[in-house]
Amino acid sequence: MTKPIVLIAEELSPATIDALGPDFEIRECDGADRASLLPAIAEADAILVRSATLVDAEAIAAAPHLKVIARAGVGLDNVDVKAATNAGVMVVNAPTSNITSAAELAVALLLASARKIAPASESLKAGQWKRSKYTGVELSEKVVGIVGLGRIGQLVAQRLAGFGVTLIAYDPYVQPARGAQMGIRMVTLDELLAESDFITVHLPKTPETLGLIGDAALHKVKPTVHIINAARGGIVDEEALASALTDGRVAGAGIDVYVKEPCTDSPLFAFEQVVVTPHLGASTDEAQEKAGVAVAKSVRLALAGELVPDAVNVQGGVIDPDVRPGIPLAQELGAIAAALTTDPIAAIDVDVRGSIAEHDVNVLKLAALKGVFAAVVNEPVSYVNAPVLAEQRGVTVGLTTDLESPDYRNLTTVRITQAHGSIVTVSGTVSGPRLVRKIVSVNGYDVDVPIAPHLAFFTYNDRPGIVGKVGRLLGESDINIASMQVGRKGDEALIVLTVDSGIPANVVQSIAEAIGASSGRAVDLEIE
């Protein structure tokens with residue numbers, strides 16, 4: 001059996017390769033060299049990159065087998081996530097791999113700025129002993145303002161607390177009570193600018209945060225303030241900071257990130273009181289190893305057909321163990337429902353009832369969409385692009401949950417509304433210690449049929465002799481029946497069959513005509 005191909009486009013730690021394991025064919029290329037990347041990615045099932053490889057729409061289009069792009073780090077500036085999503089390619093990163101390293105670097109820059117370590121070092125190396133020139137300031141009893149109290153901001157706060165500082169923070173998404181639990185007073189941005197002796201930035205780069213610490217903000221600070229940015233370039237306006245340093249409105253700065261990178265020429269480089277580093281936030285052995293191992297594990301899951309909960313372009317959320325058995329069920333119910341439609345699909349609704357409804361079950365909606373569209377489109381469908389396919393076709397999608405489930409411990413229903421208004425519904429459950437997936441209702445007909453790779457559904461006017469006719473016609477076609485069940489609704493009945501091999505369309509038609517069926521469908525599933 002051919003092994004999936006994993007392309008390593010940049011140097012990664014040996015632990016990354018070890019984490020991938022023996023199940024893949026590992027190939028390598030220079031991802032920064034376009035002439036090397038494009039032919040190499042053409043056969044790849046997965047590609048692992050850092051920051052130097054540009055995985056854009058052109059590269060994705062050149063990779064028909066690609067299922068996952070893995071960035072061994074946090075930022076995704078070098079990956080076209082939209083193009084990947086449209087192509088059904090999962091994009092994963094390592095969002096927590098470098099948070100400790102980034103937090104420690106921010107503290108290091110803050111201390112270096114406070115104690116003028118960089119210029120003192122250069123001066124001494126140049127043969128000068130100038131102790132009085134490089135007198136710094138203590139952190140003790142100073143106010144440190146943290147802009148952005150996410151994971152890294154919190155780690156910075158924890159580390160600085162030991163220096164005897166007063167911690168304040170600005171983050172519109174953190175409640176004052178939560179800040180108080182961490183020993184941090186939440187304030188407005190203007191209050192933080194006015195009160196802080198040190199300001200350290202830990203925000204993502206968005207249109208709203210770009211230039212947040214700009215000219216207007218830097219006219220509100222103390223002249224003794226030190227500005228630290230180890231988050232993303234552009235959040236602190238470099239030109240505005242240079243002007244503030246020139247005017248004496250800012251005492252010092254520590255900068256690791258720049259609006260354009262690589263950066264070898266910035267107005268900030270002219271100031272002795274500014275310590276600069278070349279985007280070293282994630283540049284520790286530990287962070288690189290954590291990032292590589294994390295994305296290697298994600299690649300293994302993705303290539304095994306598993307949903308990676310923290311993939312950046314998947315809407316599933318964290319999967320609770322109680323929810324996981326329902327994922328293949330929802331996908332199969334979606335495929336069955338789609339096979340029973342006769343007109344274009346207008347809406348898809350997923351209803352989840354029972355004890356699993358107390359968890360996040362968004363993944364079941366994703367799985368149902370994957371099942372539906374795999375049955376109706378001729379392109380690859382994944383957890384990634386299934387919502388995109390729905391949006392492109394104007395199909396509305398809904399999810400409802402209810403902890404009450406009178407008849408089953410857990411019940412999942414996929415309901416498809418067709419363009420002319422008729423509705424197809426298929427319900428199922430996962431039963432027993434062996435987690436058997438079963439169909440329990442089709443269009444209001446109660447049944448109890450284990451889901452199998454080959455199924456057939458016939459709706460007809462209930463009368464004697466039908467089961468015999470169906471069995472005879474299948475036998476004449478050398479198709480063995482594994483199980484058969486009849487559900488009744490007034491004078492109408494539904495036969496659900498599981499068979500050992502697929503039923504050809506002409507046999508389905510013959511059976512439908514022989515029993516006078518109002519509808520007949522065969523469904524072939526990929527059973528996990």
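All figures in this text were calculated on a predicted structure; none of them were measured in a lab.

Visitor: An account of the packing of helix 16 (residues 466–476) against helix 17 (residues 505–515) is needed here, citing residue identities and associated values.
Guide: Between helix 16 and helix 17, the least distance of the axes is 10 Å, while the angle of their chain directions is 155 degrees. Viewed along their axes, helix 16 and helix 17 adopt a mutual orientation that is roughly antiparallel. At the point where helix 16 passes helix 17, the crossing takes the right-handed sense. In this structure, helix 16 uses I466, K469, V470, L473 and L474 to contact helix 17, whose residues at the interface are V507, S510, I511, A514 and I515. When the residues that make up the contact of helix 16 with helix 17 are grouped by side-chain class, the tally is 8 nonpolar, 1 polar and 1 charged.

Visitor: With reference to specific residues and values, describe a negative patch on the surface.
Guide: On the surface, a cluster of negative charge is contributed by D18, E104, D285, E286 and E289. Sorting elements by how many residues they give to the negative patch places helix 12 (residues 285–303) first, with 3 residues. Locating E289 in the fold gives a position in helix 12.

Visitor: Any details on the sheet that holds strand 2 (residues 25–28)? Residues and values, ideally.
Guide: Strand order in this open sheet of 5 strands is 2-1-3-4-5, and the pairing throughout is parallel. The sheet is open, and its two edges are formed by strand 2 and strand 5 (90–92), each paired on a single side. Along the sheet, successive strands turn relative to each other by an average axial angle of 20 degrees, direction set aside. Pairing of strand 4 (residues 68–71) with strand 5 involves 3 bridges; the strand directions are parallel. Considered in strand 5, the bridge of I69 is made with V91. Strands in contact with helix 12 are strand 1 (5–8), strand 3 (46–49), strand 4 and strand 5; relative to strand 4, the strand with the most contacts, it is inclined by about 170 degrees.

Visitor: Give a description of helix 17 that names residues and reports values.
Guide: Among the residues of helix 17, those classed as buried are V507, V508, I511, A512 and I515. Buried positions in helix 17, seen along its axis, are confined to an arc of 135 degrees and lie on one side of it. In this structure, helix 17 carries A505, N506 and E513 as exposed residues pointing more than 90 degrees from its buried face. G516 sits one or two residues past helix 17 and shows a positive phi near 65 degrees.

Visitor: Tell me what's going on with the packing of aromatic side chains, and back it up with residues and numbers.
Guide: Within this structure, the stated rule accounts for 1 aromatic pair. Residues Y258 and F269 carry aromatic rings whose centres are separated by 6.0 Å and whose planes lie at 80 degrees to one another, so their mutual orientation is edge-to-face. Taken together, the residues Y258 in the loop between strand 11 (252–255) and strand 12 (274–276) and F269 in the loop between strand 11 and strand 12 connect sequence positions 11 residues apart. On the accessibility criterion, Y258 (6% relative accessible area) is buried. In this structure, K370 packs its charged tip against the face of Y383, placed 5.2 Å from the ring centre.

Visitor: Quick one: what's the story with the environment of T135, residue by residue and with numbers?
Guide: Along the chain, the position of T135 falls in the loop between helix 6 (117–125) and strand 6 (143–147). Note: C-alpha distance between T135 and V377 (242 residues apart in sequence) is 70 Å. A polar side-chain atom of T135 sits 3.1 Å from the main-chain carbonyl oxygen of S132.

Visitor: Got a sec to walk through the pattern of salt bridges? Specific residues and values, please.
Guide: Evaluated as defined, the whole model comprises 17 salt bridges. Of the charged contacts in the structure, one is a salt bridge between R27 and E25, with a shortest N-O distance of 2.8 Å. Its relative accessible area of 27% is what places R27 among the partly exposed residues. The class of E25 is partly exposed, set by a relative accessible area of 31%. The residue D247 makes a salt bridge to R249 at a minimum N-O spacing of 3.2 Å. D247 sits in the exposed class, given a relative accessible area of 53%.

Visitor: Can you break down the packing of helix 5 (residues 99–115) against helix 7 (residues 151–161) residue by residue, with the values?
Guide: Packing of helix 5 against helix 7 leaves a shortest axis separation of 9 Å and a crossing angle of 50 degrees. Relative to helix 7, helix 5 is oriented oblique. Regarding helix 5 and helix 7, the two cross each other, and that crossing is right-handed. Along the contact surface, helix 5 presents I99, T100, A102, A103, E104, A106, V107 and L110, while helix 7 presents R151, I152, L155, V156, R159 and L160. Of the residues belonging to the contact of helix 5 with helix 7, the class tally is 10 nonpolar, 1 polar and 3 charged.

What counts and how
- Residues numbered from 1 in each chain as written.
- Predicted model: local features only at pLDDT ≥ 70, side-chain atom pairs only at ≥ 80, totals over all residues.
- Heavy atoms only, no water.
- Axes fitted to C-alpha atoms, helices over the stretch in contact; angles between N-to-C directions.
- Helix = DSSP H or I, 4+ residues; strand = E, 2+ residues; numbered from the N terminus.
- Parallel < 35°, antiparallel > 145°, perpendicular 65-115°, else oblique.
- Left-handed = near helix turned anticlockwise from the far one by under 90°.
- Contact = heavy atoms within 4.5 Å.
- Nonpolar A, V, L, I, M, F, W, Y, C, P; charged D, E, K, R; others polar.
- Patch = residues over 30% accessible without salt bridge, like charges linked within 9 Å, V, L, I, M, F, W, Y side chains within 5 Å.
- Areas by Shrake-Rupley, 256 points an atom, 1.4 Å probe, with all protein chains shown as cover.
- Salt bridge = Lys/Arg side-chain N within 4 Å of Asp/Glu carboxyl O.
- Lys, Arg positive; Asp, Glu negative; His and termini not counted.
- Charge placed at Lys NZ, Arg CZ, Asp CG, Glu CD.
- Pairing = 2+ DSSP bridges.
- Buried < 20%, exposed > 50% of the residue type's maximum accessible area, 1.4 Å probe, protein only.
- Arc of directions from axis to C-beta.
- Phe/Tyr/Trp six-rings, centres within 6.5 Å; stacked < 30°, edge-to-face > 60°.
- Lys NZ or Arg CZ within 6 Å of the ring centre and 35° of its normal.
- Polar contact = N/O pair within 3.5 Å; in protein donor to acceptor, adjacent residues only side chain to side chain.

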